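If you want the building blocks of each chain, they are given just below.
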Amino acid sequence: MVKRNPYEQNYYPPVPTKLTRWSRVSLIWQTFRFIVLNIKILRMVRKH
Amino acid sequence: MAKLVILGAGIAGHTAALHARRKLGSQHEVIVIAPNSKWNWIPSNIWVGVGWMKPEQVTFELAPVYKKQHITFKQARAVSIHPQGDKDHAQPFVSIEYTHPDKAGQSEQVEYDYLINATGPKLNFAATEGLGPDKNSLSVCTYGHAHQTAGVLREQIERMKKGEHLKFVVGTGHGMCTCQGAAFEYIFNLEFELQKAGVRDKATITWLSNEVELGDFGIGGMLLKRGGYITHSRIFAESLFTERGLHWITQAHVTRVEKDRTHYELLNGETGVIEHDFAMLLPPFSGVGLKAYDKNGGDITSELFAANGFMKVDADYSPKPYDQWKPSDWPKTYQNPQYKNIFAVGIAFAPPHGISKPMKNPNGTPINPTPPRTGMPSGVMGRIVAYSIVDMIKGKNKPLREASMANMGAACIASAGAGLFNGSGVSMTMYPIIPDFEKYPETGRDIKYTTGEIGLAGHWIKHALHFAFIYKAKALPLWMAVPE
Ligand SMILES: Cc1cc2nc3c(=O)[nH]c(=O)nc-3n(C[C@H](O)[C@H](O)[C@H](O)COP(=O)(O)OP(=O)(O)OC[C@H]3O[C@@H](n4cnc5c(N)ncnc54)[C@H](O)[C@@H]3O)c2cc1C
């Protein structure tokens, strides 16, 4: 967890929980996101 | 027989050349004029800039590709456009100066029937005193700059390994810069590399930019769906910065860069100085400085080009305040209104105005990002303009193809660290690029296609795009199946 100091710049933004950070490197979840993102990008590209 | 001349072999010009060649019979000639012998996949310069890739991995020689494709390549710089010809030329032509070592300094007049200006940006380091790799700051805009930056980074890592604490500044070197996404990628990759080298605790890293808030990116930021909320990209970006212990200064116009410090003024008029041992600051962009002359040799540069040097196309250039900007101000066909056989694509076309709101500080200094024209729209423009010209050459009585940025999406995959299993990338998609508050009153963009997330998948996509686009640019079999 990031050390945050009250009233400083880094006090206010949301920071990810352990689960979120784990999901960003989880091979299964990221493989799924890879597929989803590619489909999304391709559908957007198809509009042109 | 028709002659299509394309100025520039970057993302927009090279895409246009390949598509035009594919669609035109061999009786028609496609000529590319570009000063560099190499093609560069610019987005991967970020990885060159941290030493993860070498310049050879992001470039290749253009001449063999063009030879195979039957495209004439002149390694030269365009100097002026003569859309009415002159006393010696009935045809319009372009004056060029060769940069190829065998012909360096020689000039030539190249006649055209159709002209595509895809000359991209001039990296205007001179706009800020002391800015640029020849002076006091570094850059990743070209593979050469990025290679130099990686060398300096290596030296600084060695110093930190010996126990020194160093200050890094990354961002934009002027109040009117664009391309914040590239600097954003660089700061994340820098932080990642310092972690990998085990010296992160020895570095203070600060973002210094002309954005009104983090996450503006020159597109006025975006509202995206995240964790059950519609969130502004500012929150997303601040979260990413906080997580990595990065500091930020926004609303800044850099006034002077010295060897060890950068001076800036802010939107509220205050001034500041930040010390640095390493500063990677992007320059503002302008047009490459092409001139235009009429048939009598009269200077008509201001008819063809806007004051910033970018070429006028079918946009609405009438000056208007921010609250009157409309998506329909943006060009659709990229055709010059006066000379119907001239088009400008990619960074080379003059945008009608910004996307982010224009702002000035009490001293009258404008501090706001100018609009980005990223790789994906540049490629799409290159393709549709090539198709329009092919239709015109073939005598098809069809309306010109359209690809307005107000009707086009973009995917921006920003690397946040390179590594097959420990890398990460920020995947942002948006539709449309130009917000449309009439069509999407609440968010300005279609929330279904406007997203942002970070993870390993982003790195995989970025890496896959690196190979896919270089494959396509080399015109290897089925290259046209890779979308722009
Ligand atoms: C470091 C960095 C990272 C980036 N990352 C991304 C990213 O991840 N995703 C993304 O979508 N975009 C990214 N971009 C933006 C992207 O690179 C540009 O949008 C894109 O290159 C624009 O294409 P272009 O063809 O208009 O210009 P360029 O690619 O710059 O090409 C211009 C061409 O014109 C030639 N030229 C210049 N002067 C002349 C002249 N006088 N006569 C003839 N030819 C001339 C140049 O040599 C070059 O061949 C990045 C940009 C930078 C700097």
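Parameters at a glance
- Residues numbered from 1 in each chain as written.
- Chains lettered and ligands numbered in written order.
- Predicted model: local features only at pLDDT ≥ 70, side-chain atom pairs only at ≥ 80, totals over all residues.
- Heavy atoms only, no water.
- Patch = residues over 30% accessible without salt bridge, like charges linked within 9 Å, V, L, I, M, F, W, Y side chains within 5 Å.
- Areas by Shrake-Rupley, 256 points an atom, 1.4 Å probe, with all protein chains shown as cover.
- Salt bridge = Lys/Arg side-chain N within 4 Å of Asp/Glu carboxyl O.
- Helix = DSSP H or I, 4+ residues; strand = E, 2+ residues; numbered from the N terminus.
- Buried < 20%, exposed > 50% of the residue type's maximum accessible area, 1.4 Å probe, protein only.
- Expected span 1.5 Å × (residues − 1).
- pLDDT = per-residue confidence, 0-100.
- Disulfide = S-S within 2.5 Å.
- Near = heavy atom within 4 Å.
- Polar contact = N/O pair within 3.5 Å; in protein donor to acceptor, adjacent residues only side chain to side chain.
- Nonpolar A, V, L, I, M, F, W, Y, C, P; charged D, E, K, R; others polar.
- Contact = heavy atoms within 4.5 Å.
- Phe/Tyr/Trp six-rings, centres within 6.5 Å; stacked < 30°, edge-to-face > 60°.
- Lys NZ or Arg CZ within 6 Å of the ring centre and 35° of its normal.
- Pairing = 2+ DSSP bridges.

Asker: Any chance you could explain a nonpolar patch on the surface here in plain terms?
Answerer: Residue and element names in this part refer to chain A. A cluster of nonpolar side chains, contributed by Y7, Y11 and Y12, occupies part of the molecular surface with about 430 Å² of accessible area. Locating Y12 in the fold gives a position in the segment before α1 (18-23). Of the residues examined, Y12 reaches a relative accessible area of 53% and is grouped as exposed.

Asker: Help me understand helix α5 (residues 180-196) of chain B, please; the structure alone is not making it clear to me.
Answerer: In an α-helix, one turn spans 3.6 residues; hence positions three or four apart end up facing the same way. Residue and element names in this part refer to chain B. Over its 17 residues, α5 extends 24 Å from the first C-alpha to the last, a length consistent with the 24 Å expected when each residue adds 1.5 Å. Burial of α5 is extensive: 14 of the 17 residues sit out of reach of the surface. G198 sits one or two positions beyond α5 and adopts a positive phi of about 75°.

Asker: Would you mind showing me how to read the confidence of the model for chain B here?
Answerer: Detailed conclusions should not be drawn from predicted coordinates in areas where pLDDT is low. Summarising the model, chain B shows a mean pLDDT of 96, and 100% of its residues fall at 70 or more. Of the two predicted TM-score estimates for the complex, the pTM is 0.96 and the ipTM is 0.94.

Asker: Got a minute to help me understand the state of the cysteines in this structure?
Answerer: A covalent bond between the sulfur atoms of two cysteines is referred to as a disulfide. Residues and elements named next belong to chain B. Inspection of the entire model under this criterion finds 0 disulfides over all chains. As a non-bridged cysteine, C141 has C179 as the owner of its nearest cysteine sulfur, 6.5 Å distant. Owing to a relative accessible area of 15%, C141 belongs among the buried residues under this scheme. Left without a disulfide partner, C177 is nearest to the cysteine sulfur of C141, which lies 8.9 Å away. C177 gets classed as buried once you look at its relative accessible area, which sits at 0%.

Asker: I would appreciate a short explanation of the site of the ligand in the present structure.
Answerer: All names here are of chain B. Taken together, 33 residues lie around the ligand, and A12, I347, R373, G375 and K462 are the ones closest in. Residue R373 places a main-chain N or O atom 2.6 Å away from an oxygen atom belonging to the ligand. Backbone polar atom of T374 to an oxygen atom of the ligand: 3.5 Å apart, as the coordinates give it. When the free accessible area of the ligand is taken as 990 Å², the share hidden by the protein chains comes to 88%. If you list the elements that add at least two residues to the shell around the ligand, you get α1 (11-23), β2 (29-34), β5 (72-82), α5 and α8 (375-393). Per element, the largest residue contribution to the shell around the ligand is 3 residues, and it comes from α8. A per-class count over the shell around the ligand returns 20 nonpolar, 9 polar and 4 charged.

Asker: Sorry, what's going on with the interface of chain A and chain B here?
Answerer: As a measure of interface size, the accessible area lost when the parts come together is often cited. Residue-level contacts link 26 residues of chain A with 34 residues of chain B. The interface formed by chain A and chain B includes 2 salt bridges. Taken together, chain A and chain B are joined by 8 residue pairs in polar contact (both at pLDDT 80 or more). In terms of residues, the side of chain A that touches chain B owes the most to one element, helix α2 (residues 27-46) of chain A, which gives 13 residues. By residue class, the composition of the side of chain A that touches chain B is 13 nonpolar, 6 polar and 7 charged.

Asker: So what exactly am I meant to see when it comes to unusual backbone geometry here?
Answerer: Leave glycine aside and you will find that most residues have negative phi; peptide bonds, for their part, are mostly trans. Residue and element names in this part refer to chain B. Cis geometry is found at the peptide bond from Y431 to P432, where omega equals -10°. Inspection of the secondary structure puts P432 in the loop between β23 (425-430) and β24 (451-455). At Y334, a residue that is not glycine, the phi angle is positive and equals roughly 70°. Structurally, Y334 is set in the loop between α7 (301-304) and β21 (342-344). By relative accessible area, Y334 is classed as buried at 0%. In this model, L478 sits at a positive phi of 60°, which is unusual for a non-glycine residue. Following the sequence through the fold, L478 ends up in the segment after α9 (456-473). The class of L478 is exposed, set by a relative accessible area of 65%.

Asker: How should the environment of B:I230 be read in this particular structure?
Answerer: Residues and elements named next belong to chain B. With respect to the element layout, I230 can be found in strand β13 (residues 229-232). Each C-alpha atom of the pair I230 and S378 lies 29 Å from the other, and the pair is 148 residues apart in sequence. In this view, I230 contacts L223, L224, K225, T443 and I447; residues no more than four positions away in its chain are not counted.

Asker: Explanation requested: the pattern of salt bridges in the structure shown.
Answerer: All names here are of chain B. Under the defined criterion, the tally for this structure stands at 23 salt bridges over all chains. Across the pair E258 and R256 runs a salt bridge, and its minimum N-O distance is 2.8 Å. Here E258 falls in the partly exposed class, since its relative accessible area comes to 27%. Of the residues examined, R256 reaches a relative accessible area of 30% and is grouped as partly exposed. When salt bridges with common partners are traced through the structure, they connect K167, D260, R261 and E275 into a single cluster.

Asker: Hey, could you run me through the packing of aromatic side chains in this one?
Answerer: Describing an aromatic ring pair means giving the distance of the ring centres and the angle of the ring planes. Residues and elements named next belong to chain B. One pass over the full model with this rule turns up 21 aromatic pairs over all chains. Ring geometry for W41 versus F469: centroids 4.8 Å apart, planes at 25°, classification stacked. Taken as a pair, W41 in the loop between β3 (38-40) and α2 (45-49) and F469 in helix α9 lie far apart in primary sequence, 428 residues in all. A single burial state applies to W41 and to F469, both of which are buried. Above the face of the F310 ring, R373 is positioned so that its terminal group lies 4.9 Å from the ring centre. Directly above the aromatic system of F349 lies the positively charged group of R373, at a separation of 5.5 Å from the ring centroid.

Asker: Would you mind going over the pairing of strand β17 (residues 271-275) of chain B with me for this structure?
Answerer: Looking along a regular strand, one sees side chains alternate from face to face of the sheet. Residues and elements named next belong to chain B. What you see with β17 is a clean split: G272 and I274 sit on the buried side and T271, V273 and E275 on the side with no burial. Strand direction decides the pairing type here: strand β16 (residues 261-266) and β17, joined by 5 bridges, are antiparallel. Its bridge partner being in β17, H263 is matched across the sheet by V273. Hairpin connection of β16 to β17: 4 residues between the antiparallel strands, including G269 at a positive phi of 95°.

Asker: I keep staring at the environment of B:V140 and nothing clicks. Help me out?
Answerer: Residue and element names in this part refer to chain B. Along the chain, V140 turns up in the loop between β9 (122-123) and α4 (143-161). On the accessibility criterion, V140 (4% relative accessible area) is buried. Considered as a pair, V140 and P43 are 97 residues apart in the sequence and their alpha carbons are 9.5 Å apart. In this structure, V140 is in contact with N45, I46, G49, H145, A146, T149, Y186, M280 and L282, ignoring residues within four places of it in sequence.

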